[in-house]
Structures are given as structure tokens and as C-alpha cells.
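Summary of the model geometry
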Amino acid sequence: MDFRWDLLAEYGPFFLKGTLLTIGLSIASIIIGTVLGLLIGLGKMMKNGWLALPFKWYIAFFRGTPFMVQILLIHFAVIPVFLGETNAIVAAIVALSLNSAAYIAEIFRAGIQSIDKGQMEAARSLGMNHVQSMRFVILPQAFKRMIPPLGNEFIVLIKDSSLAALIAAPELMYWGQAMQGQYYRVWEPYLTAAAIYLVLTLSLSFLLSLLERRLATE
């Protein structure tokens, strides 16, 4: 295999730019997806079945349909309604956030329900209302148990961001495809992209493992 290092040197700045955008998309989507996921997870747990139904439908839709379909729908159908034109970066963040929120909602729900009901009863007996009990007693305990699945979801989100190339968002995979299309080379662009994604996911895994160990000692 004749590996063209000179092509990597030429496309290096573009891969760097794409990597920075990939990181930015991932961070924004993780933050938005986590907030939405918490709200949706709590909504699904409401005792009133009718009020919980929209949250269940939301989760069912985003978990039951391909992400590729979701990002195309959001880019070509949803974003133009609000912005009057397509915007690949905005569409990518919205799609990643909404998709991730559905999975994070289930993680929050499972984590909260894993806490013994006696914890809520004890908090209420101390005079806390339901919101205070969730904030100060239930969620801190549940969060420790949710770190591994949340970490996995964040890693999946980073990899899913590569599908933003479908709507021409200039992230990492976009530049890999651009290099392949210009030089009709396969190994150089895609191995480079794979290596960068691997570094990103392994770095996130390492940080999450440090956080998990730190919380385990508290």
C-alpha cells in the first residue's frame, strides 16, 4: 500500500478545522441533550399517563428511527421553517441534541428508578417537597450510577456527528470525503478520520473513568 503522507500534510489544516467543529458540535449537543433528556425522562415518569404520553412518543420516535433520516428531515424540512434557509451546523446540533436526549432520558429514568423509594420518603419526611427531594437526594445518588451509560451515549454522539457530513457540515468526516473525492484515495482520508475519532473517544473514556473513580471515593 502506497500511503501518501504528502496528501495528509496538504489536508492537515482542513482535518484540524473539521476536528474542532466535531468537538464543538459534540459539546453543544451533549449539553443540550443532557438538559432535554433530564426533562423528558422526568416527564415520562409522571403518574398521569396522558401527560406522560408525549414524552413516551418522543422517545419512541427518536430511538425507533435511523439518525440519518432524522438529520435529513431536520436539515431540509424543520430548520428552513424557522430560519428561512438551511443551515448545516444548526441542523447538526439540533439533530444530535434531539436524538441524544431520547437515549439520555431513558438513562435518567432508569437511574432515578434504581434508587430505593425509601430515599424519597425519608426526604419528604424531613420537610422537603418533591422537587427538593429529587434535586438534593435522588439525583445525586442516581447520577453516580448513570455515569457509565451516559459516557457510552456521549461516545456514540461523537461518532454519530460524522453523519453531519451528509448535509455538508464541514466537520471531520466532511473533509475526509472531500479529500477522497479530490484524489480518489481511500486509505489516507478515512484512516486519518478514524484515528482522530479514536483519539477523541478514548480521551472522553479516560476523562469519564477519572470522574467515575473520583465520585466512587466520595
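As a starting point, this report considers the structure included with it. Per chain, residue numbering runs from 1 following the sequence as it is written. Predicted model: local features are reported for residues with pLDDT of at least 70 only, side-chain atom pairs are reported and counted for 80 or more only, and whole-chain, interface and lining totals are derived from all residues. The side-chain numbers reported here are obtained from all heavy atoms of the structure, hydrogens and water having been left aside.

**Side note on unusual backbone geometry**
- Phi angles above zero are rare outside glycine, and Ala168 is one such case at about 70 degrees.
- What counts as a helix is a DSSP run of H or I of at least four residues, what counts as a strand is a run of E of at least two, and both are numbered from the N terminus. Relative to the helices and strands, Ala168 is located in the loop between helix H6 (130–160) and helix H7 (172–183).
- One non-glycine residue with positive phi stands out, namely Tyr184, at about 55 degrees.
- Mapped onto the elements of the fold, Tyr184 is located in the loop between H7 and helix H8 (187–216).

**Side note on the pattern of salt bridges**
- When a carboxyl oxygen of Asp or Glu is within 4 Å of a side-chain nitrogen of Lys or Arg, the pair counts as a salt bridge. In the structure shown here, the tally under the stated rule is five salt bridges.
- Across the pair Asp6 and Arg4 runs a salt bridge whose closest N-O atoms are separated by 2.9 Å.
- The class for Asp6 is partly exposed, based on a relative accessible area of 42%.
- Lys44 is paired through a salt bridge with Glu106; the nearest N and O atoms lie 2.9 Å apart. Here Lys44, found in helix H1 (residues 5–44), pairs with Glu106, found in helix H4 (residues 88–113); they are 62 residues apart in sequence, far enough to count as distant.
- Accessible area is worked out with a 1.4 Å probe on protein chains only. A residue is then buried under 20% of its type maximum, exposed over 50%, and partly exposed in between. Glu106 sits in the buried class, given a relative accessible area of 14%.
- In the salt-bridge network here, residues are joined through shared partners; they are Lys44, Arg63, Glu106 and Arg109.

**Remarks on the environment of Leu198**
- By the secondary structure assignment, Leu198 is in helix H8.
- With a relative accessible area of 48%, Leu198 lands in the partly exposed category.
- A sequence separation of 17 residues divides Leu198 from Gly181, and the C-alpha atoms of the two residues are 23 Å apart.

**Structural notes on a nonpolar patch on the surface**
- Think of a patch as exposed residues, more than 30% relative accessible area, with no salt bridge, where like charges cluster within 9 Å and nonpolar side chains (Val, Leu, Ile, Met, Phe, Trp, Tyr) cluster within 5 Å. Computed with the Shrake-Rupley method and a 1.4 Å probe, the accessible areas treat only the protein chains shown as cover for residues. A surface patch of nonpolar side chains, about 730 Å² in accessible area, is lined by Leu16, Leu20, Ile23, Ile27, Ile31, Ile32, Val35 and Leu39.
- Within the fold, Leu39 resides in helix H1.

**Some details on the packing of helix H2 (residues 49–64) against H4**
- The convention used is that axes are lines fitted to C-alpha atoms, helices contributing only their stretch in contact, and that angles between N-to-C directions extend from 0 to 180 degrees. In contact at an axis separation of 9 Å, H2 and H4 are set at 120 degrees when each is read in the N-to-C sense. Along this stretch, H2 crosses H4, giving a crossing that reads as left-handed. Packed against H2, whose contacting residues are Tyr58, Ile59, Phe62 and Arg63, the element H4 presents Leu98, Asn99, Ala101, Ala102, Tyr103, Ala105 and Glu106 at the interface.
- Polar here means any residue outside two lists: the nonpolar Ala, Val, Leu, Ile, Met, Phe, Trp, Tyr, Cys and Pro, and the charged Asp, Glu, Lys and Arg; Gly therefore counts as polar. The residue inventory of the contact of H2 with H4, partitioned by class, reads eight nonpolar, one polar and two charged. Crossing handedness: left-handed means the near helix sits turned counterclockwise from the far one by under a right angle, and right-handed means the same turn made clockwise. The contact criterion used is simple: two residues touch if any of their non-hydrogen atoms lie within 4.5 Å.

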